[in-house]
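Examining the three-dimensional arrangement
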Amino acid sequence: MMIRLTAILAALALFPTAAAAQGIDINSAATIGANAMGEQVRAFPAGRDNSPKAVLARLNRLCASDRPSDKQSCEQAWRAINQAHAKLQARRAAEAAADQGVTN
């Protein structure tokens, strides 16, 4: 009886350690997810005004900065805006052509 009790106590003592060791991957994945979500929230905070005027005002302040990293961010932002605009125009042209019955 005493040997069983000792074995049970030893198993209980080791269980949290084994569970923690097995949970490293889960905790790491959760940490990675939390960090990614933190980056997303930092980039797009819920309280931030994301109206077109506010976004352009922030972009103009960024582009007016003298810091090289801000200049690079400004260039990347305008590149992304121009690509999105080109895709929008291409989609509109394709929809207009489809409406007129013209296909490629």
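Before reading further, recall that the structure is shown in the block above.
Please read all numbers here as calculations on a predicted model, not as lab measurements.

Regarding the packing of helix α3 (residues 52-64) against helix α4 (residues 68-99)
Running from amino to carboxyl end, α3 crosses α4 at an angle of 140°, the nearest separation of the two axes being 8 Å. The angle between α3 and α4 places the two elements in the oblique class. Contacts between α3 and α4 involve L56, L59, L62 and C63 from the former and D70, K71, S73, C74, A77, W78 and I81 from the latter. Partitioned by chemical class, the residues of the contact of α3 with α4 number eight nonpolar, one polar and two charged.

So, α3
The terminal C-alpha atoms of α3 lie 18 Å apart, and with 13 residues this matches the ideal 18 Å at 1.5 Å per residue to within 8%. Every buried residue of α3 is accounted for by A54, L59 and C63. Buried-residue contacts for α3 involve α4.

What to know about α4
The first and last C-alpha atoms of α4 sit 46 Å apart over 32 residues, in line with the 46 Å expected at 1.5 Å per residue. Two residues or fewer after α4 comes G101, characterised by a positive phi angle close to 85°.

Quick look at the state of the cysteines
Overall, the coordinates contain one disulfide when judged by the stated rule. Between the sulfur of C63 and that of C74 lies a disulfide, 1.8 Å long from S to S. In this structure, the disulfide formed by C63 and C74 twists by about 95° around the S-S bond and is classed as right-handed. With C63 in helix α3 and C74 in helix α4, this residue pair connects regions lying eleven residues apart in the sequence. Residue class for C63 comes out buried when judged on its relative accessible area of 19%.

Reading the values: rules and limits
- Residues numbered from 1 in each chain as written.
- Predicted model: local features only at pLDDT ≥ 70, side-chain atom pairs only at ≥ 80, totals over all residues.
- Heavy atoms only, no water.
- Axes fitted to C-alpha atoms, helices over the stretch in contact; angles between N-to-C directions.
- Helix = DSSP H or I, 4+ residues; strand = E, 2+ residues; numbered from the N terminus.
- Parallel < 35°, antiparallel > 145°, perpendicular 65-115°, else oblique.
- Contact = heavy atoms within 4.5 Å.
- Nonpolar A, V, L, I, M, F, W, Y, C, P; charged D, E, K, R; others polar.
- Expected span 1.5 Å × (residues − 1).
- Buried < 20%, exposed > 50% of the residue type's maximum accessible area, 1.4 Å probe, protein only.
- Disulfide = S-S within 2.5 Å.

In short, shape yes, function no, at least from these values alone.
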